[in-house]
Amino acid sequence: MAEFTDLTKYPIGSLHGVGKVKMAAYNRLGVESVRDLVYFFPRAYENRSHISLLCEAPADIKSAVILTVATAPRVHLIRRGMSLLKFRAFDESGVCEITYFNQDYLKNSFPIGSVFRFYGKVERVGKKFEMSSPVAEPYFDGKSLPPFAPIYSLTEGLSQKQIASHVEAALSLMGDSFPDCIPCDILSKNSLCDLSFAINQIHKPTDIKSLAEAKHRLIFDEFFKFAAGMALSAKKVTREGVARKCPDTDVSKLLAMLPYTLTDGQAQAIADISGDMQSDVSMSRIVIGDVGCGKTVVAAAAMYIAVKNGGQAALMAPTEILATQHYADLAPMFEALGIKCALLIGSLTPAKKAKIQAALATNDPDERIDIVIGTQALISDRVEFACPALTVIDEQHRFGVNQRATLSKKSRHTHMLVMSATPIPRSLALVMYGDLDVSRITEMPSGRQRVDTFLVDEGYRARLDAFIKKQVSEGSQVYIVCPAVEEKELEDDEIDLSGIPLSSLDFIEKPSAPPLKAAVQYANELSERLPELRIGFVHGKLKAAEKDTVMNRFAEGDLDVLVSTTVIEVGVNVPNATLMIVENAERFGLSQLHQLRGRVGRGSKKSYCILVSGAKSKNQLSEGSRSRLETMTRSYDGFSIAEEDLKQRGPGDFLCLSSSREIRQSGDMYFKLADMCEDASLMTEAFAAAKNFVAENPKLEGYTPLLCEIQRMFTLQSDIIS
């Protein structure tokens, strides 16, 4: 690879014409060096290649016309500090009066008889035409003018012309010395153009084909560098040692106990896991699937394989309710197969905890617990495993980074299986779980009912109350989800407003914005309107024990209606619940609405989801909000909804790119050109190439340009990726 020159060492102020004022303006745009400037790509292009006659130019859009100057430019003073420069030019179809405001210095730039390509709006005035401050480029027969003009993002103190001039100077300064960080064999294999060509064409495209080639190359670069950085980071946290080999992967006895046949997705996930666990290389796999798709059975099969091969398995759930539910579902099956199973949660007495901990650590196979299901109690210092083989983390996004890391360290010689009930688009899964192998369950088990979904406004309040009474009278139960805990209050950790398109948030700052429905007040008001119903409420401010008590009462049928914030998005399974009402539904993202809808329709009864907008009528919703909510009434496939959510929200910083920054869940990734939705296939190619490359070159020795680019993209210190 050619000798590397770090272009960040050339400050933007080293360019001619960039003084302190312009340097400050560039800094506001994030441009601090010559390198930053050449990577400050245009946000759009003006197509000036289509030449029109004056008489053919559309009135409402910019056009390019070739005109000959007919009169000498004259300056007209309008008032102090304002002047007009005017002259006439013509083509075969008419005469055009051209005007420039406060640009007297152009007086000698348009001699009579000279020809220019003017670009701007052509307005018809009687039989004549007018153009105001058009872009003018000298036109000579035989000279080829650039067909496209770059349009850059601006800030105060910089113009398009100035940025284009400075970019030209930077490109000239660098010549062909662009340090190409992508290895030659990868460029060749993926038919990628030279970096110098790509950089020049992105700023000064000669034609559509060249611009497309340049964008293709630069998008590949962004994905490749990001994926390589992820792979390097993953190697920093790779678990030590090797895992227990599990050659016996026959799960037929377990599957024979199920009252249904596996879906293709479940069967494939189990096959993936079986293949992983036969090796002594630690499995790192995530199973992604919709609520109710059957991930728990897949986890059960993995735990069964671990125990069959002489090991122990642990399943960690985010809440005691979910852990208890898993235990109630799985323990009878495992015990019928002769497998000892225990539940380890925080609410157990110290004596019971100590007994389970001793049974996990004992070397006596007759006394040893084979499978333990629990909460973060599993990561207590007192919990040790005699022969760990598998760790399963359910609803992984509900655990903090430190909790996952602690469990991973405690079981560093085990296989690791992660489960997520959030359907994630394939493209986003590559970014979020680049260090994990991904199994996706995309279909639902037969017999799972579709939840009919409706969008209503405040005008339906009386009918909603009547429908709640009807569902309860028929023996069913109801969820009602509110965005706030108390009036004028919003729990940041319960709804992330940044996950909703800005267009749908416009009304938030307006005085007439509909009030947020609050769980506490809503429950009280509903009790007054429907006193015959047993109503409870939960929210994130309640202590865990209080929350669990209320949710257990609902699960056991002691409550008819549960009013809640989004703490029930992932939680207890209540097959008897048939109605989900989401208040202020416009405040929620698509994926979150889909998760909430997944709380009902889990039994044999017909179920419903009603999305209630805070507006007085649906017509008062913003276009973005209405479109998002109507998507929910039409679509029931979690992965399709997630794809749409990704398009509307943007992928966000799903990874923390610096130890000092928080992770955002929406907005654009740190890509200048790449789009994870539009460029998904190219991203797949780049991620695969990067993963293989880092596997062969784990320290990137001899690839200094790539290492520097990765460090710049991730804004990491050199001791984090080295």
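## So, the nonpolar core
- Judged by nonpolar contacts, the single largest core of 60 residues is most densely connected at Leu37, Ile199, Phe220 and Phe224.
- Sorting the residues of this core by element identifies helix H1 (20-28), helix H2 (34-38), helix H3 (160-174), helix H4 (184-189), helix H5 (195-203), helix H6 (208-236), helix H20 (680-696) and helix H21 (704-714) as the ones contributing at least two each.
- What Phe220 contacts, discounting residues up to four positions off in sequence, is Ile182, Ile186, Asn190, Leu192, Leu682, Glu685, Ala686 and Ala689.
- In this structure, Ala269, Met303, Ala313 and Ala331 belong to the second largest nonpolar core, which totals 58 residues.

## Describing the packing of helix H17 (residues 590-597) against helix H18 (residues 623-634)
- Where H17 meets H18, the closest approach of the two axes is 10 Å, and the angle between their N-to-C directions is 35 degrees. For H17 against H18, the interelement crossing comes out right-handed. Judged by residue contacts, Leu590, Leu593, His594 and Arg597 of H17 engage Arg628, Leu629, Thr631 and Met632 from H18.
- Taken together, the residues that form the contact of H17 with H18 break down as four nonpolar, two polar and two charged.

## Brief notes about the pattern of salt bridges
- In this structure the tally under the stated criterion is 23 salt bridges.
- Between Asp221 and Arg217 there is a salt bridge, and its shortest N-O distance comes to 2.7 Å. Of the two residues, Asp221 and Arg217 are both situated in helix H6; the distance of four residues between them amounts to about one turn of the helix.
- Overall, the relative accessible area of 3% leaves Asp221 in the buried class.
- Members of the salt-bridge network, linked through shared partners, are Glu46, Arg48, Lys62, Arg117 and Glu137.

## Let's talk about the packing of aromatic side chains
- Throughout the structure, instances matching the rule amount to 15 aromatic pairs.
- On the numbers, 6.4 Å between centres and 45 degrees between planes, the contact of Phe87 with Phe118 is tilted. Residue Phe87 is found in strand E4 (residues 82-91), and its partner Phe118 is found in strand E6 (residues 115-121); the two are separated by 31 residues along the sequence.
- Under the relative-accessibility criterion, Phe118 is labelled buried at 0%.
- Ring centres 4.8 Å apart and planes at 55 degrees place the aromatic pair Phe110 and Phe116 in the tilted group.

## Observations regarding the side chain of Glu137
- For Glu137, the position within the fold is in strand E9 (residues 135-138).
- Given a relative accessible area of 14%, Glu137 falls into the buried group.
- Beyond its immediate sequence surroundings of up to four residues, Glu137 is in contact with Arg48, Val115, Phe116, Arg117, Leu145 and Pro146.

## Structural notes on the confidence of the model for the protein
- When pLDDT is averaged along the protein, the result is 81, and 81% of the positions lie at 70 or above.
- Here residues 397-402 is a poorly scored stretch, pLDDT under 50, and it has 14 contacts once near neighbours within four places are set aside; other chains count.
- Low pLDDT, under 50, characterises residues 652-668; the stretch is placed with 47 contacts to residues that sit more than four places away or in other chains.

## Some points on the sheet that holds strand E11 (residues 284-289)
- Strand order in the open sheet formed by seven strands is E13-E14-E12-E15-E16-E11-E17, with parallel pairing between adjacent strands. If you trace the sheet from one side to the other, it starts and ends with strand E13 (341-344) and strand E17 (437-441), each paired once. Looking at each pair of strands side by side, their axes are set apart by 20 degrees on average, direction ignored.
- Relative to strand E14 (residues 371-374), E13 runs parallel, the two being bridged by four bridges.

## Observations concerning helix H16 (residues 544-555)
- For H16, spanning twelve residues, the distance from its first C-alpha to its last is 16 Å, which sits close to the expected 16 Å at 1.5 Å a residue.
- Those residues of H16 not exposed but buried are Lys547, Asp548, Val550, Met551 and Phe554. The arc that holds the buried residues of H16, viewed along the axis, is 165 degrees, so those residues lie on one side.
- Trailing H16 by a residue or two, Gly557 shows a phi angle of about 90 degrees, which is positive.

Cut-offs and rules
- Residues numbered from 1 in each chain as written.
- Predicted model: local features only at pLDDT ≥ 70, side-chain atom pairs only at ≥ 80, totals over all residues.
- Heavy atoms only, no water.
- Core = buried A, V, L, I, M, F, W, Y, C linked by side-chain atoms within 4.5 Å.
- Buried < 20%, exposed > 50% of the residue type's maximum accessible area, 1.4 Å probe, protein only.
- Helix = DSSP H or I, 4+ residues; strand = E, 2+ residues; numbered from the N terminus.
- Contact = heavy atoms within 4.5 Å.
- Axes fitted to C-alpha atoms, helices over the stretch in contact; angles between N-to-C directions.
- Left-handed = near helix turned anticlockwise from the far one by under 90°.
- Nonpolar A, V, L, I, M, F, W, Y, C, P; charged D, E, K, R; others polar.
- Salt bridge = Lys/Arg side-chain N within 4 Å of Asp/Glu carboxyl O.
- Phe/Tyr/Trp six-rings, centres within 6.5 Å; stacked < 30°, edge-to-face > 60°.
- pLDDT = per-residue confidence, 0-100.
- Pairing = 2+ DSSP bridges.
- Expected span 1.5 Å × (residues − 1).
- Arc of directions from axis to C-beta.

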